[in-house]
Amino acid sequence: MSLRLQKTAPRRTGRCDDPPPDGLLRGIEEFNRQEFFEQHETLEEIWIHEPDAVRYLYQGILQVGVGFYHWRRGNWRGAVAKLGHGLAKLEPYRPTCMTIDVERLVLETTKLRDDLQQLGADRIPLFPPPGLPQVHRLSNTL
């Protein structure tokens, strides 16, 4: 039996008050170690199976990480696109969701994406840039 999820838009849900699932914590650890390929795999696994719209929080973090992965590989177009997609997914979960400081991640990523966009494909800076965001938690317990 396959799990068929109804496509919805990113939106804040009551699940934001829940503690983060183990897969999200593992994906955040990988993101913060700049293991962007690995965080993609980890977060995709929980994103695909999550029926609640909080799934877009997971997907937003995943896409920001993929944007940084593209940046590291010198793919300006992929970096700008994926960072933008991730930011759009994260927007409804500001300022916090599942103890994640979404506000900080959005602000720090937006600045880097805007700087990258302004520089253009011919002037892509070396990776990692100063101020590379990490995913922060506001508390470890609820």
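A short tour of the structure in this document, coming up. All chains use their own residue numbering, which begins from 1 and follows the written sequence. Predicted model: local features are reported for residues with pLDDT of at least 70 only, side-chain atom pairs are reported and counted for 80 or more only, and whole-chain, interface and lining totals are derived from all residues. For the side-chain quantities, the full set of heavy atoms in the structure was used; hydrogens and water were omitted.

**Examining the pattern of salt bridges**
Here's step 1: By definition, a salt bridge exists where a carboxyl oxygen of Asp or Glu is found within 4 Å of a side-chain nitrogen of Lys or Arg. Per the counting criterion, the structure on display carries 8 salt bridges.
Here's step 2: Between R15 and D18 there is a salt bridge whose closest N-O contact spans 2.6 Å.
Here's step 3: Only protein chains enter the accessibility calculation, which uses a 1.4 Å probe; a residue whose area is less than 20% of its type maximum is buried, one above 50% is exposed, and one in between is partly exposed. Note on R15: relative accessible area 24%, which makes it partly exposed.
Here's step 4: Owing to a relative accessible area of 27%, D18 belongs among the partly exposed residues under this scheme.
Here's step 5: The partner of E35 in a salt bridge is R33, with the nearest N and O atoms 3.0 Å apart.
Here's step 6: Since its relative accessible area comes to 26%, E35 is described here as partly exposed.
Here's step 7: Several salt bridges converge on common partners, so that one network encompasses R15, D18 and E50.

**Remarks on the environment of P133**
Here's step 1: Helix and strand definitions follow DSSP, with helices as H or I runs of at least four residues and strands as E runs of at least two, each counted in order from the N terminus. In this structure, P133 sits in the segment after helix 5 (102-119).
Here's step 2: For P133, a relative accessible area of 2% gives the class buried.
Here's step 3: Along the sequence, P133 and F31 sit 102 residues apart, while their C-alpha atoms lie 9.3 Å from each other.
Here's step 4: Residue contacts follow a heavy-atom distance rule, with two residues in contact if any of their heavy atoms lie within 4.5 Å. If near-sequence neighbours (up to four positions away) are discounted, P133 is found in contact with F31, F68, L105, E108, T109 and L112.

**Re the environment of V64**
Here's step 1: Assignment of secondary structure puts V64 in helix 3 (residues 55-72).
Here's step 2: The exposure class of V64 is buried, given its relative accessible area of 0%.
Here's step 3: Spatially, the C-alpha atoms of V64 and E103 are 14 Å apart, while their sequence positions differ by 39 residues.
Here's step 4: Beyond its immediate sequence surroundings of up to four residues, V64 is in contact with F31, K82, L83, G86, L87, L90 and T109.

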